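One-letter residues, chain by chain:
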Amino acid sequence: MAENQPTLNPLAQAFTGLKPTAPTDAEPRPVVEEAKPKLDAQGRAYATGKRKNAVARVWIKPGKGAVTVNGRDIPIYFARPVLRMMIEQPFQVANRAGQYDVVCTVVGGGLSGQAGAVRHGISRALISYEPGLRPVLKAGGYLTRDSRVVERKKYGRAKARRSFQFSKR
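All values derive from a computational prediction rather than experimental measurement.

**Student:** Can you tell me about the sheet that holds strand E2 (residues 54-62), naming the residues and giving the values?
**Tutor:** Taken in spatial order, the five strands of this open sheet run E1-E2-E5-E3-E4, and their pairing is mixed. Both edges of this open sheet fall to strand E1 (45-51) and strand E4 (72-73), since each of them pairs with a single strand only. One ladder, built from eight bridges, connects E2 with strand E5 (residues 100-107); its direction is antiparallel. If you follow Arg57 over to E5, its bridge partner there is Thr105. Contacting E1, E2 and E5, helix H4 (residues 111-129) runs over the sheet at an angle of about 145° to E1.

As structure tokens, this is what we get:
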């Protein structure tokens, strides 16, 4: 039975005489352009960040590091230090702390979700301003939108999964 099976020996012998070809000067190599910053007329980079039900519109421009959220300074809007630390994380990872002014508007959700949305928006805006920062921010996980949201309440249940208390009587 083994005699009837075809082998690859004739094919291997046919291709042994071929040499790998190197690109010549006549063949143009593809040119990879570096990504350019996307800025508006005022020299700002814009991005949208989302987390839970919160949506943040973020504009960054070179400055002294001032962060304004919905017309208020960051210590007033986000009183908890943990939330302010979350917002500063993209700048810390990219070694750009205190180099950009941030203006953002946030709607929806609670304070924690809003802080996460602002952080996501800042990360995306940094990439719009400096495309070379993408690998650093991507490795830190700041570009991935956290898709976790609250599960909806089902009928016949007290909450999403919790049942009403059972009584045998």
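**Student:** Let's hear about the packing of helix H3 (residues 81-93) against H4: which residues, and what values?
**Tutor:** Think of two packed helices as two axes; the pair is described by the angle between the axes and how far apart they sit. Contact geometry of H3 with H4 gives a least axis separation of 8 Å together with a crossing angle of 10°. Between H3 and H4, the angle falls in the class roughly parallel. Two secondary-structure elements touch here, H3 through Leu83, Met86, Ile87, Gln89, Pro90 and Phe91 and H4 through Leu111, Ser112, Ala115, Gly116, Val118, Arg119, Ile122, Ser123 and Leu126. Across the contact of H3 with H4, the residue classes tally to ten nonpolar, four polar and one charged.

**Student:** Can you explain the pairing of E2? Please cite residues and give values.
**Tutor:** Taken residue by residue, a regular strand's side chains alternate between the two faces of the sheet. In this sheet, E2 lies alongside E1 in antiparallel orientation, the contact comprising seven bridges. Along E2, the bridge assignment pairs Tyr46 with Trp59. The hairpin turn running from E1 into E2, its antiparallel successor, is two residues long, and Lys52 in that turn takes a positive phi close to 55°.

Rules behind the numbers
- Residues numbered from 1 in each chain as written.
- Predicted model: local features only at pLDDT ≥ 70, side-chain atom pairs only at ≥ 80, totals over all residues.
- Heavy atoms only, no water.
- Pairing = 2+ DSSP bridges.
- Helix = DSSP H or I, 4+ residues; strand = E, 2+ residues; numbered from the N terminus.
- Contact = heavy atoms within 4.5 Å.
- Axes fitted to C-alpha atoms, helices over the stretch in contact; angles between N-to-C directions.
- Parallel < 35°, antiparallel > 145°, perpendicular 65-115°, else oblique.
- Nonpolar A, V, L, I, M, F, W, Y, C, P; charged D, E, K, R; others polar.

Keep in mind that these numbers describe shape and distance, not what the molecule does.
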